[in-house]
Amino acid sequence: MKRKHFDAFIAFAALLLLWHIASILLNKAFLPKPADAIWAFLRLFIGGELTDHILSSACRILGGTVLALVLAAPTGLAMGRIAAVDRVLFPFISLLYPIPKVVFLPIIIVLFGLGNSPKIFLIALVIYFQLVTIIRDSAKSIPDQQVQAMRTMNARPAQTLRHLILPCCLPGIFTSLRSTLGMSVAVLYIAETFASFSGLGYYISNRMDCREYNEMYAGIIALSLLGGAMYILLELIEKRLCRWNIPLLDK
Amino acid sequence: MITLSNVGLVYKAPEGGFAVLERINLSVPREKTLAVVGVSGSGKTSMLHIMAGLLAPTAGKVEYDGVELKEPRREIAVVFQEYGLFPWKTLAENVGLPLRLRGDKRERKQVDVLLKRLGIIEQRNKYPNQLSGGQRQRAAVGRAIIGGPKVLLMDEPFSALDPLTRQLLRQDISLLCTEKKLSCVLVTHSIEEALMMGDQIAVFAPGGQSISGVLSNEGRLDQDFLASTEFLRRSGQIRKMLEGGYET
């Protein structure tokens, strides 16, 4: 077993132990023993009861992330490389960034209805500002010598974008996506507890209302595993697309 | 070739403009090496960028073969101080990039021939962060010359290298420039380097901004030259030109 995996296993075991001790000390129904929660998770997962909720939540996170990236990449790159665009847009981004977007959920539901759209839009809205800021900063920090090297090769703007700007910004984009993933899961939970009938957020709050705590924790485990799986997926894509960064990533 | 006539450069600053270059008159000799010596901050790199068409002078004019130089041209290549290689491209991809941007189909073959000539073919699939300083510098030179330029501009190309690698690269690059019939400009703060590689040596005036003189020289790359009285005499002459304005 690799050292990295061994460390992760030890951390996981320690967490379960703490959970177990806490459940014995508290001795309350809302904190069952981890073994009961894990057993409930396995039962529900194998029985297929969680499948639709997991798929709904995964699609919403992916949809929101992709939408945010598609909107943030051109804006951030333009702000980072074109001073005039930065002068116009940066004050708006700076003003809007600190506003907690979750408070707009009721308005977003009125605008987009009850389906997937408001949840996807809310996730995109929350992570858009962080992505746009990081992409802008990455594009701004491209070393002058590399820009000049492209100029001496008579590169056209599209070639400079493809061979210099995009690859230079990729590590920043992945770091930002990984750091916003936790935020996306939290926003998803809030969005799914509000006028929703599917998704892990809905399932967790519904089981809590029914006082079915083992099932509630099974939902929490599923949501955690979903976040973890997406984190690993992002890391795999990053390793594939940013091969030159691999020694740095592995350090 | 490249000619600078009364070239001046003033950078704008909030507290008013400050002059980086004043009345520079220089021409790059055909198929020879012009070494430009000056202390740090004397404006050498700015002058090189003007020669490359990367920077527009605020006074005077720059010409390439009698035509005013307003933007970078394919005939003029640059080797940057910190190599300017792209970390996300392998050595072969970095070297072949100028051909790729032109859509040249013979890219791979030409890259391999040049990498062999530069002695870095074994590293063709490595990324710049997996290479030594000398290998990176060879790659930077390869990328500069693969497109068949007429002029090669080099900005302190050996400053980050250890003495042994520096000596090897000086010889290799000099030989390559002769083989490819390149006119070269070598910007350096090392008098030794200028004397070893330059056929002409332009010396920046004390405090920078203008050229105090251009000396004829016969570049000699052998180590014996460094111990000769001729070397001592010439380096003393350049040192005097660099320090001329200062009275101690």
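One can find the structure itself at the top, above this paragraph.
Because the structure is predicted, anything quoted here is derived from the model rather than measured. Throughout this description, residue numbers start from 1 for each chain and increase along the sequence as written. Starting at A for chains and at 1 for ligands, labels are handed out in the order in which the entities are written. Local features in this predicted model are restricted to residues of pLDDT 70 or higher, and side-chain atom pairs are both shown and tallied only at a pLDDT of 80 or more, whereas totals for entire chains, interfaces and linings draw on every residue.

Peer 1: Go over the overall build of chain B, please, and point to the residues and values.
Peer 2: Within chain B, the regular secondary structure consists of eight helices and 10 strands. For the radius of gyration, the atom set is restricted to C-alpha positions; the globular benchmark scales as 2.2 Å times the number of residues to the power 0.38. Relative to the globule expectation of 18 Å for 248 residues, the C-alpha radius of gyration of chain B, 18 Å, shows essentially globular dimensions. Taken along its principal axes, the extent of the C-alpha atoms in chain B is 55 × 45 × 35 Å. Any residue with 12 or fewer other C-beta atoms within 10 Å of its own C-beta is exposed, any with 20 or more is buried, and the rest are partly exposed; the C-beta atoms used are placed from the backbone. Relative to its 248 residues, chain B shows a buried fraction of 45%. Pairs at least 24 residues apart make up 69% of the contacts formed inside chain B by residues separated by at least 6 positions. Helical segments are the DSSP runs of H or I of at least four residues, strand segments are the runs of E of at least two, and each set is numbered from the N terminus. Two residues form a contact once the distance between their C-beta atoms, set from the backbone, is within 7 Å.

Peer 1: I'd like a rundown of helix H7 (residues 144-152) of chain A, residues and numbers included.
Peer 2: Residues lying three or four places apart along an α-helix face the same way, a consequence of the helix completing one turn every 3.6 residues. Every buried residue of H7 of chain A is listed here: Gln146, Ala149, Met150 and Thr152 of chain A. The buried residues of H7 of chain A occupy an angular sector of 160° when projected down its axis, which confines them to one face. Summarising the contacts, the buried residues of H7 of chain A are in contact with helix H8 (157-193) of chain A together with helix H1 (44-52) and strand S6 (76-79) of chain B. Of the residues one or two after H7 of chain A, Asn154 of chain A is the one with positive phi, at around 55°. By arc we mean the arc of the directions from the helix axis to the C-beta atoms, nothing more.

Peer 1: Which residues make up the sheet that holds S6 of chain B, and what values do they have?
Peer 2: Residues and elements named next belong to chain B. Taken together, six strands build an open sheet; the order of strands is S6-S7-S8-S3-S9-S10 and the sheet is mixed. The sheet is open, and its two borders are formed by S6 and strand S10 (211-216), each paired with just one other strand. Strand-to-strand twist of the sheet, defined as the mean angle between neighbouring strand axes without regard to direction, takes the value 15°. Strand pairing is defined by DSSP finding a minimum of two bridges between the two strands. Sheet analysis places S6 next to strand S7 (residues 151-155), joined by four bridges and oriented parallel. Bridge assignment links Ala77 to a residue of S7, and that residue is Leu152. Fitted lines through C-alpha atoms serve as axes, helices being fitted only where they are in contact, and the angles separating the N-to-C directions of these axes extend from 0 to 180 degrees.

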